[in-house]
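# Fold and contact review
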Amino acid sequence: VNIINSKISKKLKGHNVHNQERIDALMINLDGTRQKTKLGANAMLAVSIAAKKLSAKLKKLPLMMLLPKHLLEFPEAIYEKPLLLYKYQLPLIQQ
């Protein structure tokens, strides 16, 4: 928590919370290590998730609506039982 409050928050302050790629790139550059050891991978992941959740809240959308589609698709063949990902009903949309 200390690293998030002291280093990461200072670097991200003033940046657009809706630009997830930029937020992640700023943290990766700030860390500067291949293994994410300077800031810690868990701290960076927590901030990345928090930014995505805030973006969804500001857009008044469920978080899952902002996740990349490939993260929501799991082939049932690799599971013994079908995986239920959605708690929300989604509107029918054309793709």
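Residues numbered from 1 in each chain as written. Predicted model: local features only at pLDDT ≥ 70, side-chain atom pairs only at ≥ 80, totals over all residues. Heavy atoms only, no water.

### Side note on the nonpolar core
By size, the foremost hydrophobic cluster in this structure holds 11 residues: Ile8, Leu12, Val17, Ile23, Leu26, Met27, Leu39, Ala43, Met44, Val47 and Ala51. Not counting chain neighbours up to four residues away, the residues in contact with methionine 27 comprise Ile8, Leu12, Leu39, Met44, Val47 and Ser48. (Core = buried A, V, L, I, M, F, W, Y, C linked by side-chain atoms within 4.5 Å. Buried < 20%, exposed > 50% of the residue type's maximum accessible area, 1.4 Å probe, protein only. Contact = heavy atoms within 4.5 Å.)

### Quick notes on the packing of helix 2 (residues 20–31) against helix 3 (residues 41–59)
The contact between helix 2 and helix 3 brings their axes to 10 Å, and the two run at 160 degrees. Of the possible angle classes, the one that applies to helix 2 and helix 3 is roughly antiparallel. In this structure, helix 2 meets helix 3 at a crossing whose hand is right-handed. Contacts between helix 2 and helix 3 pair Gln20, Ile23, Asp24, Met27, Ile28 and Asp31 from the former with Met44, Val47, Ser48, Ala51 and Lys52 from the latter. Here the contact of helix 2 with helix 3 is built from residues that sort into six nonpolar, two polar and three charged. (Axes fitted to C-alpha atoms, helices over the stretch in contact; angles between N-to-C directions. Helix = DSSP H or I, 4+ residues; strand = E, 2+ residues; numbered from the N terminus. Parallel < 35°, antiparallel > 145°, perpendicular 65-115°, else oblique. Left-handed = near helix turned anticlockwise from the far one by under 90°. Nonpolar A, V, L, I, M, F, W, Y, C, P; charged D, E, K, R; others polar.)

### Comments concerning unusual backbone geometry
One non-glycine residue with positive phi stands out, namely lysine 36, at about 60 degrees. With respect to the helices and strands, the residue lysine 36 is situated in the loop between helix 2 and helix 3. Backbone geometry places lysine 60, a non-glycine residue, at a positive phi of 55 degrees. Structurally, lysine 60 is set in the loop between helix 3 and helix 4 (69–72).

### With respect to the side chain of aspartate 31
Tracing the chain through its elements places aspartate 31 in helix 2. One buried charge, aspartate 31, has no salt-bridge partner; the nearest side chain with opposite charge is lysine 36, at 6.1 Å. For aspartate 31, the side chain forms a polar contact with the side chain of threonine 33, separated by 2.4 Å. Dropping the residues within four chain positions of it, aspartate 31 is found in contact with Lys36, Thr37, Lys38, Leu39, Gly40 and Met44. (Lys, Arg positive; Asp, Glu negative; His and termini not counted. Salt bridge = Lys/Arg side-chain N within 4 Å of Asp/Glu carboxyl O. Polar contact = N/O pair within 3.5 Å; in protein donor to acceptor, adjacent residues only side chain to side chain.)

### What to know about the packing of helix 1 (residues 2–12) against helix 3
If you want to describe how two helices pack, look at the angle between their axes and the distance between the axes. Two numbers describe how helix 1 lies on helix 3: the axes approach to 12 Å, and their chain directions differ by 50 degrees. On the basis of the axis angle, helix 1 is oblique to helix 3. As helix 1 packs across helix 3, the resulting crossing turns out to be right-handed. Here Ile4, Ile8 and Leu12 of helix 1 come into contact with helix 3, specifically with Ala43, Ala46 and Val47. Considering only residue class, the contact of helix 1 with helix 3 consists of six nonpolar, no polar and no charged.

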